[in-house]
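Residue-level structural notes
Each chain, written out:
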Amino acid sequence: MANKPSVHDLIFVLEPKNGKQVQLTPEKFQNLGVRERNHLENWIVKHPNLLGTNLLVITKEYDKFDKSDKRVDILALAEDKKLVVIELKRSVEHSHADLQAIRYAAFCSTMTFDELVALRAKHVNSNIEKARREICDFVNDPNFNKLDTTPRIILA
(Lines give C-alpha, C1' and ligand atoms only; values in the text may rest on other atoms or scores of the structure.)
Protein backbone atom coordinates (compact mmCIF):
# COMPACT_ATOMS: atom_id res chain seq x y z
CA MET A 1 0.00 0.00 0.00
CA ALA A 2 1.40 3.42 -0.95
CA ASN A 3 2.20 6.00 1.70
CA LYS A 4 -0.37 8.74 2.15
CA PRO A 5 1.01 12.04 0.74
CA SER A 6 2.13 14.52 3.37
CA VAL A 7 0.95 18.11 3.35
CA HIS A 8 4.28 18.97 1.66
CA ASP A 9 3.40 16.73 -1.29
CA LEU A 10 0.08 18.40 -2.02
CA ILE A 11 0.11 20.17 -5.36
CA PHE A 12 -3.01 21.54 -6.97
CA VAL A 13 -3.68 23.03 -10.37
CA LEU A 14 -6.57 25.44 -10.78
CA GLU A 15 -8.38 25.21 -14.06
CA PRO A 16 -8.52 28.80 -15.37
CA LYS A 17 -12.03 28.70 -16.85
CA ASN A 18 -13.96 27.25 -13.93
CA GLY A 19 -11.57 27.45 -10.94
CA LYS A 20 -11.87 23.71 -10.33
CA GLN A 21 -9.02 22.29 -8.25
CA VAL A 22 -7.20 19.24 -9.56
CA GLN A 23 -4.82 17.51 -7.15
CA LEU A 24 -1.66 16.15 -8.73
CA THR A 25 -0.25 12.88 -7.50
CA PRO A 26 3.41 13.04 -6.40
CA GLU A 27 5.67 10.72 -8.34
CA LYS A 28 9.40 10.06 -8.24
CA PHE A 29 11.38 11.26 -11.26
CA GLN A 30 12.90 7.84 -11.77
CA ASN A 31 9.42 6.27 -11.99
CA LEU A 32 8.55 8.75 -14.73
CA GLY A 33 11.73 8.08 -16.71
CA VAL A 34 13.05 11.59 -16.02
CA ARG A 35 16.82 11.68 -16.39
CA GLU A 36 19.16 14.15 -14.75
CA ARG A 37 21.05 15.39 -17.82
CA ASN A 38 18.52 14.79 -20.56
CA HIS A 39 15.61 16.34 -18.71
CA LEU A 40 16.32 18.23 -15.47
CA GLU A 41 19.47 19.93 -16.73
CA ASN A 42 17.92 20.93 -20.05
CA TRP A 43 14.75 22.25 -18.36
CA ILE A 44 16.79 24.47 -16.06
CA VAL A 45 19.15 25.65 -18.79
CA LYS A 46 16.11 26.73 -20.84
CA HIS A 47 14.20 28.13 -17.85
CA PRO A 48 16.63 28.98 -15.01
CA ASN A 49 13.89 30.92 -13.21
CA LEU A 50 12.46 27.48 -12.26
CA LEU A 51 14.99 27.71 -9.41
CA GLY A 52 13.18 30.71 -7.96
CA THR A 53 15.64 33.43 -8.90
CA ASN A 54 16.78 35.31 -12.00
CA LEU A 55 19.89 33.61 -13.39
CA LEU A 56 21.94 33.81 -16.58
CA VAL A 57 23.23 30.37 -17.54
CA ILE A 58 26.94 30.57 -18.34
CA THR A 59 27.54 26.92 -19.24
CA LYS A 60 26.55 23.37 -18.40
CA GLU A 61 28.64 20.28 -17.70
CA TYR A 62 31.70 22.42 -16.92
CA ASP A 63 34.72 20.19 -16.26
CA LYS A 64 37.80 22.31 -16.90
CA PHE A 65 39.06 22.36 -13.31
CA ASP A 66 42.80 22.01 -12.72
CA LYS A 67 43.74 18.45 -11.67
CA SER A 68 40.16 17.24 -11.41
CA ASP A 69 37.70 15.46 -13.64
CA LYS A 70 34.70 16.68 -11.62
CA ARG A 71 31.88 18.45 -13.45
CA VAL A 72 29.46 21.24 -12.45
CA ASP A 73 25.97 20.49 -13.74
CA ILE A 74 25.15 24.14 -14.45
CA LEU A 75 27.18 27.29 -13.86
CA ALA A 76 25.18 30.50 -13.82
CA LEU A 77 25.46 34.16 -12.83
CA ALA A 78 23.07 35.93 -10.47
CA GLU A 79 22.06 39.57 -10.87
CA ASP A 80 24.18 40.45 -7.81
CA LYS A 81 27.30 39.38 -9.82
CA LYS A 82 27.83 36.13 -7.94
CA LEU A 83 28.57 32.89 -9.69
CA VAL A 84 25.99 30.21 -8.96
CA VAL A 85 26.91 26.53 -8.90
CA ILE A 86 23.83 24.41 -9.58
CA GLU A 87 24.00 20.74 -8.65
CA LEU A 88 21.15 18.53 -9.80
CA LYS A 89 20.00 15.18 -8.43
CA ARG A 90 16.97 13.11 -9.38
CA SER A 91 16.91 11.64 -5.90
CA VAL A 92 18.45 12.60 -2.57
CA GLU A 93 18.96 8.98 -1.57
CA HIS A 94 22.68 8.23 -1.23
CA SER A 95 23.49 11.66 -2.61
CA HIS A 96 26.45 13.79 -1.69
CA ALA A 97 25.23 16.76 -3.73
CA ASP A 98 25.97 19.16 -0.88
CA LEU A 99 29.61 18.12 -0.67
CA GLN A 100 29.97 18.09 -4.45
CA ALA A 101 28.55 21.60 -4.71
CA ILE A 102 30.88 22.93 -2.00
CA ARG A 103 33.85 21.45 -3.87
CA TYR A 104 32.68 22.96 -7.16
CA ALA A 105 32.09 26.36 -5.56
CA ALA A 106 35.66 26.29 -4.24
CA PHE A 107 36.94 25.42 -7.73
CA CYS A 108 34.89 28.25 -9.27
CA SER A 109 35.97 30.84 -6.71
CA THR A 110 39.14 31.52 -8.71
CA MET A 111 37.39 31.95 -12.06
CA THR A 112 38.07 35.23 -13.83
CA PHE A 113 35.58 37.46 -15.61
CA ASP A 114 37.28 36.76 -18.94
CA GLU A 115 36.93 33.01 -18.38
CA LEU A 116 33.25 33.54 -17.59
CA VAL A 117 32.75 35.52 -20.80
CA ALA A 118 34.50 32.85 -22.88
CA LEU A 119 32.33 30.11 -21.33
CA ARG A 120 29.13 32.07 -22.04
CA ALA A 121 30.22 32.75 -25.63
CA LYS A 122 30.87 29.06 -26.24
CA HIS A 123 27.62 28.02 -24.52
CA VAL A 124 25.44 30.30 -26.68
CA ASN A 125 27.62 29.92 -29.78
CA SER A 126 28.40 33.62 -29.92
CA ASN A 127 31.44 35.88 -30.04
CA ILE A 128 33.25 37.20 -26.97
CA GLU A 129 32.03 40.78 -27.32
CA LYS A 130 28.38 39.77 -27.57
CA ALA A 131 28.73 37.45 -24.56
CA ARG A 132 30.40 40.23 -22.55
CA ARG A 133 27.55 42.58 -23.43
CA GLU A 134 24.92 39.97 -22.44
CA ILE A 135 26.58 39.49 -19.06
CA CYS A 136 26.96 43.22 -18.38
CA ASP A 137 23.36 43.85 -19.44
CA PHE A 138 22.15 41.02 -17.22
CA VAL A 139 23.80 42.47 -14.10
CA ASN A 140 22.86 46.00 -15.21
CA ASP A 141 26.46 47.25 -15.05
CA PRO A 142 28.24 48.19 -18.30
CA ASN A 143 31.58 48.28 -16.45
CA PHE A 144 31.26 44.88 -14.76
CA ASN A 145 34.56 43.01 -15.07
CA LYS A 146 35.33 41.34 -11.73
CA LEU A 147 33.56 38.37 -10.20
CA ASP A 148 32.67 37.98 -6.55
CA THR A 149 34.95 35.25 -5.16
CA THR A 150 32.20 33.60 -3.10
CA PRO A 151 29.94 31.57 -5.39
CA ARG A 152 26.41 30.73 -4.38
CA ILE A 153 25.15 27.13 -4.41
CA ILE A 154 21.75 25.85 -5.50
CA LEU A 155 20.90 22.18 -4.95
CA ALA A 156 17.94 20.99 -6.97
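Residues numbered from 1 in each chain as written. Predicted model: local features only at pLDDT ≥ 70, side-chain atom pairs only at ≥ 80, totals over all residues. Heavy atoms only, no water.

**Section: the overall build of the protein chain**
For the protein chain, the count of helices and strands is five helices and six strands. Overall, the protein chain shows an N-to-C arrangement of helices and strands of β-β-α-α-β-β-β-α-α-α-β. When burial is assessed residue by residue, the protein chain has 33% of its 156 residues classed as buried. Taking as baseline every contact in the protein chain between residues at least 6 positions apart, the subset at least 24 positions apart corresponds to 52%. For the protein chain, the computed accessible surface area is about 10600 Å², with 50% contributed by carbon and sulfur atoms. (Helix = DSSP H or I, 4+ residues; strand = E, 2+ residues; numbered from the N terminus. Buried < 20%, exposed > 50% of the residue type's maximum accessible area, 1.4 Å probe, protein only. Contact = heavy atoms within 4.5 Å. Areas by Shrake-Rupley, 256 points an atom, 1.4 Å probe, with all protein chains shown as cover.)

**Regarding the nonpolar core**
In this structure, L75, L77, M111, L116, I135 and F144 are the most contacted members of the largest nonpolar core, which totals 24 residues. When residues of this core are assigned to their parent elements, the largest contribution, five residues, is made by helix α4 (residues 113-123). Leave out the neighbours within four places in its chain, and F144 touches L77, K81, F113, I135, C136 and V139. Counting twelve residues, the second-largest nonpolar core is a separate cluster that includes V45, I74, V84 and I154. (Core = buried A, V, L, I, M, F, W, Y, C linked by side-chain atoms within 4.5 Å.)

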